[in-house]
Amino acid sequence: METKTINKLRYYLRDEIVLHNKKDDCWITIHGNVYDLTPMIRDRLDHWNSNMDYLVAHAGKDLTHFFHENGEPRTEISARTGRPRVLFPPILEVALSEFAKTKDAMWSQDAFYHIGRVTRRARLLRIINALTAQSLYMTVCDEDTIYDIQQKYKQRYNHHAGSYEWRKFSNGGTACGQLNLSGTLDENGLTDEEHSAVELPPPSIWLYYTDDLTIA
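A quick note: this is a predicted structure, and the numbers were derived from the prediction, not measured.

(A) Region of the structure containing helix H3 (residues 50–57). Buried within H3 we find Asn51, Met52, Leu55 and Val56. All buried residues of H3 lie within an arc of 140 degrees about the axis, which places them on one face of the element. On the buried face of H3, the contacting elements are strand E2 (21–22) and helix H2 (38–43).

So, in structure tokens, the structure goes:
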């Protein structure tokens, strides 16, 4: 297989994002962008208010309807004062420490909190371990490279994933072919039924043990 390449921008499944829904682990999404607001919340623990409670109540959720595409907060006209007010008051909150934010940036536009993007679509993948004759189904991001998938498999299922050669079958399933680690599933010819007129099974990747735990 080719040299390892890591995506600079990470992609996340919606099912992953919703799990980060607590005060000590708070992610939100805005127009497909994923933000980890945990550092700001941690910085504000000794200076808490009702806006921070409201923000934590939305942890793990999509806040797109409160913001414009550029991250500017949407506003409405107050019936009481006749002046504009933001639809989502927690946008007025900021971290107090300089190391927990970018100066003069709202958190919805702050690259400090931006950790990636929501995937265009989830992909189902079958991983077959030729050594143990076991297989499992794994959901990954459409934008994930094979290297990204390797790392997720290693974290979730097998810490020795690096001790395996990852292969695909080509030439009508008669030959074991190499995978391009820097390529996505589609770029490696591992397509699914999105553009097919017939129902197809999920693509499969075969793992062959190399008997070398040192590379795990």
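(B) The arrangement of the packing of aromatic side chains in detail. Tallied over the full model, the rule gives 10 aromatic pairs. Taken together, a centroid distance of 4.8 Å and an interplanar angle of 25 degrees make the contact between Phe66 and Phe88 stacked. Of this pair, Phe66 sits in the loop between H3 and strand E5 (75–77) while Phe88 sits in the loop between strand E6 (84–86) and strand E7 (114–118), and the two are 22 residues apart along the sequence. Classification of Phe88 by relative accessible area gives buried; the value is 1%. Ring geometry for Tyr164 versus Tyr209: centroids 5.3 Å apart, planes at 55 degrees, classification tilted. With Tyr164 in strand E10 (residues 164–170) and Tyr209 in strand E12 (residues 204–209), this pair connects stretches of sequence that are 45 residues apart.

(C) Representation of the nonpolar core within the structure. Counting 20 residues, the largest nonpolar core has Leu37, Leu55, Leu63, Phe67 and Trp107 as the members making the most contacts within it. Contributions of two or more residues to this core are made by strand E3 (25–30), H2 and H3. Core analysis: the second largest hydrophobic core is formed by 17 residues, Leu125, Ile127, Tyr147 and Leu190 among them.

About the criteria used
- Residues numbered from 1 in each chain as written.
- Predicted model: local features only at pLDDT ≥ 70, side-chain atom pairs only at ≥ 80, totals over all residues.
- Heavy atoms only, no water.
- Buried < 20%, exposed > 50% of the residue type's maximum accessible area, 1.4 Å probe, protein only.
- Helix = DSSP H or I, 4+ residues; strand = E, 2+ residues; numbered from the N terminus.
- Arc of directions from axis to C-beta.
- Contact = heavy atoms within 4.5 Å.
- Phe/Tyr/Trp six-rings, centres within 6.5 Å; stacked < 30°, edge-to-face > 60°.
- Core = buried A, V, L, I, M, F, W, Y, C linked by side-chain atoms within 4.5 Å.

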